[in-house]
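Here is what each chain is made of, one letter per residue.
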Amino acid sequence: MARILLIEDSPTDTAVLTQLLERNGIVVCKREQPDLVLMDVILPGMNGFQATRALSKDAATSAIPVLIVSTKGMETDKAWGLRQGAKDYIVKPPHEPSLIARINELLGA
């Protein structure tokens, strides 16, 4: 079974997507080495774009795919997220079959 780390600011979305909510996702990601990160953009402190860039540039976490799941749905947001190293960008609320299919693709399942 794959381990997925969710970095999310909404308690509702957190409950829907997974039971894990961590404040310092980069430290957790380095320590836990999840198979995939579901990243929100609007976060307290470091935003999701910054966190994605930090994860993709760090040798310890660069191989972990980041999938941004955000309410920010403008094409410029999507393009910027991908430039920061995200493997894909999905606008909330995600279509469940599409989200699960994309997770499976990124995990090689």
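Heads up: the structure comes first, above all this text.
Residues numbered from 1 in each chain as written. Predicted model: local features only at pLDDT ≥ 70, side-chain atom pairs only at ≥ 80, totals over all residues. Heavy atoms only, no water.

Once that is clear, we can look at the side chain of Asp77. Examined against the element boundaries, Asp77 turns out to sit in helix α4 (residues 75-83). If near-sequence neighbours (up to four positions away) are discounted, Asp77 is found in contact with Phe49, Lys72 and Tyr89. (Helix = DSSP H or I, 4+ residues; strand = E, 2+ residues; numbered from the N terminus. Contact = heavy atoms within 4.5 Å.)

Another point: the nonpolar core. If you look at the biggest cluster of nonpolar residues, it comprises 17 residues, and the most contacted ones within it are Val37, Met39, Leu55 and Ile68. Breaking this core down by element, the ones donating at least two residues are β1 (4-7), α2 (25-32), β2 (36-39), α3 (48-57) and β3 (66-70). When near neighbours in sequence (up to four residues on either side) are disregarded, Val37 contacts Leu5, Ile7, Cys29, Leu55, Ile64, Pro65, Val66 and Leu67. (Core = buried A, V, L, I, M, F, W, Y, C linked by side-chain atoms within 4.5 Å. Buried < 20%, exposed > 50% of the residue type's maximum accessible area, 1.4 Å probe, protein only.)

Attention now goes to the pattern of salt bridges. Inspection of the entire model under this criterion finds seven salt bridges. For Lys72, the salt bridge is made with Asp77, and the minimal N-O distance between the two is 3.8 Å. Among the residues examined, Asp77 registers a relative accessible area of 12% and is labelled buried. Between Glu105 and Arg102 there is a salt bridge, with the nearest N and O atoms lying 2.9 Å from each other. Of the two residues, Glu105 and Arg102 are both situated in helix α5 (residues 96-107); the distance of three residues between them amounts to about one turn of the helix. A residue is classified by how much of its surface remains accessible, and Glu105, at 53% relative accessible area, is exposed. Three or more residues are tied together by salt bridges with common partners; here these are Asp88, Arg102 and Glu105. (Salt bridge = Lys/Arg side-chain N within 4 Å of Asp/Glu carboxyl O.)

The subject of this paragraph is the side chain of Asp40. Of note, Asp40 is situated in the loop between β2 and α3. Overall, the relative accessible area of 3% leaves Asp40 in the buried class. For Asp40, the side chain forms a polar contact with the side chain of Lys92, separated by 3.5 Å. When neighbours within four sequence positions are excluded, Asp40 is seen to be in contact with Ile7, Glu8, Asp9, Gly48, Val69, Ser70 and Lys92. (Polar contact = N/O pair within 3.5 Å; in protein donor to acceptor, adjacent residues only side chain to side chain.)

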